[in-house]
Amino acid sequence: MPLRIALIHPTLGVPFIFDIASRNGIELIVISPDDTAEAEAFPAVIGCEFLPIYDAPEQALTSLEALHKKWNFDGIMSVKEPSVVWTAAAANRLGLPGISPDAAMAARDKSMMRRLFEEAGLTVPRNITLEHSNELEHCRSLTFPCIVKPSSGLNSAGVQLVQDFAQLCKAFTYVEQLNQDVYRHLSWHQSGNFAKVLIEEFINGPEFVVELFAVDGEVHALNCGYKGIPQGPYFEESVYLCPPDVEPTLITNIQHTAIAGMKALGLTNGPGHCELRLNHEGTPIILEIGARLGGAGCAHFNVEASNRIDFIGLYFHWLTNTLTPENWPPDTTGLSKAASSWIMPLGGSGVLLSIKGLDAVNKHPDTRYILDFSHPGKHYRPYPDFDGFLIIVFGQHNSPQMGEEYFKFLESTLKTHWGQQHVK
C-alpha cells in the first residue's frame, strides 16, 4: 500500500515535491488555507482539504485529527515558511515524525535564533530586537549601515539597509506596519505571537547557502551554494550556484558552521536551509536557518543536480520511517556537475506587460526548468514590498564557471516590460 503524506500549503507552481513523490510512490493529500481544487491535477495528489491554519490555527489542529482518521497519514510536512510552526504542532498532536515544536519556533523567530546561535558559540551579526517605536532611542548608538527586518519575515520582504538613524526610524515604521498587516497573521505560536522588528549589523561579504538534513541528531550538509554579494538597500533574491567557485577548505568551514547552527536550534531531525555571509576576515557569519526545504522545494534541484542526492525523497523516507542504509547517511561525492537557480529581478514596478527572451532561455543547453510565476496585467510594487517572483530558471553545468556564464546569459536575455513604470 502506498505511503501517504499530508502536504501543508505547498506552492503549486513548484513541481519538485509532486514529481519526487510520484517517483517514490508517495501519495499526497494537499492541505491548504484556501481553494486547493487545482492541486488535484498535480502528480501524486489523491485529495485536497481546506483548513484555516492561519486564521484559526487551534481549530485547524483539532480538525486535522478528523482528517487523519479519514486519510490515515503516514507523515506530515511543510515546505512554506509560515506553516512550519503549525505543521510541527500538528505532527506532535498526531504522533507523527516531525520537527519539535520548540525547534520549529526557534527557526521562525530570527531574534530567538540569534540568541541560540550565540549561546552555542557561533558568530552572528550584532543585533537588537524592538517591539515598539518608543524603544527606538536604544538604536542611536548603533554603528551604521545596518539591516532592519521583520523577525518572522520571508522572501526578503521588508528587509532594508539603512545608513543613519533617520532612515532606521523610517524603515522601522515600515516593518512595524508590515508586521501588523501580514506577519502577525503568519506568526502564530501556542505561547504567543512573535512578529517583532530585528535590527542588526550589515555583513558586507559574499553570501552562501547550505542545504542540510538531520536524523536523530546526526546532521549532514548536502551541498554549499553561492548567493552573490547583495548590497541593498533591498535584498531581492537572485542567484544560487553550487558548488561555489571557492577553495574546498572554505566550503568545509561554511558547512561546519551550518551544521552547528542546526544543532543550536535543536533541529535534530528533518531539513534545514542555512544562509551565511563572510565578514572582512573571511569568517562565516551565520544569518538564519529555515526548518524546511529551501525555496518551497526548489532547493531539491540544486542538491540533486550537483550531488545526486534525492533530497525530497530523503525527507519522505524520514517522515514515513522507511530510511535505510542506502539513503542515510547520504553520499555527497557528487556528479562533478554544478547546479544553479536564478530568480529574475523585477527590474521595475507597475503593471507587468510582458517578459521577453523565454524562448531563447528554453533553448539553452544548460536549462533544465523554467518556472513562470508572472502575471501580465498584474500590478507589482517594488521592494521592500513583495508581490511574488516572476521567473525562476534552473540550470545544470559542467563547472561553476559555466554556471557564472549562464547567469550572465540570463541577465542579458530575459527582460521585463512595464506599464506605469517606476524603475528602482
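Residues numbered from 1 in each chain as written. Predicted model: local features only at pLDDT ≥ 70, side-chain atom pairs only at ≥ 80, totals over all residues. Heavy atoms only, no water.

### A closer look at the overall build of the protein
Across its full length, the protein holds 11 helices and 20 strands. Over its C-alpha atoms the protein spans a radius of gyration of 21 Å, differing by no more than 12% from the 22 Å that the globule rule assigns to 424 residues. Projecting the C-alpha coordinates of the protein onto the three principal axes gives extents of approximately 60 × 50 × 50 Å. Here the protein holds 424 residues, and 58% of them are scored as buried. Accessible surface for the protein amounts to roughly 17,500 Å². Of this, 50% is attributable to carbon and sulfur atoms. (Helix = DSSP H or I, 4+ residues; strand = E, 2+ residues; numbered from the N terminus. Rg over C-alpha atoms; globule rule 2.2 N^0.38 Å. Buried < 20%, exposed > 50% of the residue type's maximum accessible area, 1.4 Å probe, protein only. Areas by Shrake-Rupley, 256 points an atom, 1.4 Å probe, with all protein chains shown as cover.)

### Quick look at helix α5 (residues 110-119)
For α5, every residue scored as buried is listed here: Lys110, Ser111, Met113, Arg114, Leu116 and Phe117. Those residues of α5 hidden inside the fold are in contact with α4 (101-108), β5 (127-130), β6 (146-150), β8 (197-201), α7 (248-265) and β14 (284-290). For α5, the side-chain oxygen to backbone nitrogen distance between the N-cap and Ser111 is 3.1 Å, and the N-cap itself is Asp109. At the exit of α5 stands Gly121, carrying a positive phi of roughly 85°. (Contact = heavy atoms within 4.5 Å. Polar contact = N/O pair within 3.5 Å; in protein donor to acceptor, adjacent residues only side chain to side chain.)

### Some remarks on the packing of helix α1 (residues 16-23) against helix α9 (residues 311-319)
Two elements in contact, α1 and α9, have axes separated by 9 Å at closest approach and are oriented at 65°. For the crossing formed where α1 meets α9, the hand is right-handed. Across the interface between the two elements, Phe16, Ile17, Ile20 and Ala21 of α1 pack against Ile312, Gly313 and Phe316 of α9. Considered class by class, the residues forming the contact of α1 with α9 number six nonpolar, one polar and no charged. (Axes fitted to C-alpha atoms, helices over the stretch in contact; angles between N-to-C directions. Left-handed = near helix turned anticlockwise from the far one by under 90°. Nonpolar A, V, L, I, M, F, W, Y, C, P; charged D, E, K, R; others polar.)

### Section: the pattern of salt bridges
Two side chains bearing opposite charge may form a pair once their charged atoms approach each other closely. All chains considered together, the criterion is met by 23 salt bridges. Close ionic contact of Glu65 with Arg93 constitutes a salt bridge, the shortest N to O distance being 3.1 Å. Of this pair, Glu65 sits in helix α2 (residues 57-71) while Arg93 sits in helix α3 (residues 84-94), placing them 28 residues apart in sequence. In this structure Arg93 comes out as partly exposed when scored by relative accessible area, which is 34%. Measuring nitrogen to oxygen at the nearest pair gives 3.4 Å for the salt bridge that ties Glu405 to Lys408. Remark: Lys408 and Glu405 occur in helix α11 (residues 400-413); sequence separation between them is three residues, near one turn of the helix. (Salt bridge = Lys/Arg side-chain N within 4 Å of Asp/Glu carboxyl O.)

### Quick look at the sheet that holds strand β3 (residues 45-50)
The strand order across the open sheet built from four strands is β3-β2-β1-β4, with neighbouring strands paired in parallel fashion. The outermost strands of the open sheet, each flanked by one partner alone, are β3 and β4 (75-78). Strand after strand, the sheet turns through a mean of 25° between neighbouring axes, direction not considered. Pairing of strand β1 (residues 3-8) with strand β2 (residues 26-32), which is carried by six bridges, proceeds in the parallel orientation. Looking across to β2, one finds that Ile8 is bridged to Ile31. Against the sheet, α9 engages β1, β2 and β4, with an angle of about 140° to β4. (Pairing = 2+ DSSP bridges.)

### Observations concerning the packing of α2 against α3
Packing of α2 against α3 brings their axes to within 10 Å, and their N-to-C directions diverge by 45°. One way to sum up the angle between α2 and α3 is to call them oblique. Here α2 runs over α3; the crossing is right-handed. In this structure, α2 uses Pro57, Glu58, Ala60, Leu61, Thr62, Leu64, Glu65 and His68 to contact α3, whose residues at the interface are Trp86, Ala89, Ala90, Arg93 and Leu94. Looking at the contact of α2 with α3 residue by residue, the class counts come to eight nonpolar, two polar and three charged. (Parallel < 35°, antiparallel > 145°, perpendicular 65-115°, else oblique.)

### Looking at the side chain of Asp366
Counting through the fold element by element, Asp366 comes out in the loop between α10 (358-363) and β17 (367-372). For Asp366, the side chain forms a polar contact with the side chain of His397, separated by 2.9 Å. With sequence-adjacent residues up to four places away left out, Asp366 is seen in contact with Phe394, Gly395, Gln396, His397, Met402 and Tyr406.

### Quick word on the packing of aromatic side chains
What the rule picks out here adds up to 17 aromatic pairs. An angle of 35° between the planes, with centres 6.4 Å apart, marks the rings of Phe16 and Phe301 as tilted. One end of the pair, Phe16, is in helix α1; the other, Phe301, is in helix α8 (residues 299-307), with 285 residues separating them in the sequence. Of the two residues examined, Phe16 and Phe301, each falls in the buried class. Ring geometry for Phe301 versus Phe394: centroids 5.3 Å apart, planes at 70°, classification edge-to-face. Taken as a pair, Phe301 in helix α8 and Phe394 in strand β19 (residues 391-397) lie far apart in primary sequence, 93 residues in all. The buried category is assigned to Phe394, whose relative accessible area is 0%. One aromatic cluster is present, formed by Phe16, Phe301, Tyr369 and Phe394 through successive ring pairs. (Phe/Tyr/Trp six-rings, centres within 6.5 Å; stacked < 30°, edge-to-face > 60°.)

### So, the UniProt feature "domain: ATP-grasp" (unreviewed entry) in the protein
The sites that UniProt annotates as "domain: ATP-grasp" (unreviewed entry) are residues 114-320. With 31% helix and 25% strand, the stretch residues 114-320 has end C-alpha atoms that lie 32 Å from each other. (UniProt positions renumbered as here; feature names shortened; annotations may be inferred.)

### Remarks on the sheet that holds strand β7 (residues 160-162)
In sheet architecture, strand pairing relies on hydrogen bonds along the backbone and comes in two forms, parallel and antiparallel. Ordered by their spatial adjacency, four strands build an open sheet running β5-β8-β6-β7, and the pairing between neighbours is antiparallel. Only two strands of the sheet have a single neighbouring strand rather than two, namely β5 and β7. Each strand of the sheet is rotated relative to its neighbour by a mean of 25°, with strand direction disregarded. Across five bridges, the pairing between β6 and β8 is antiparallel. Directly across from Cys146, in β8, lies its bridge partner Glu201.

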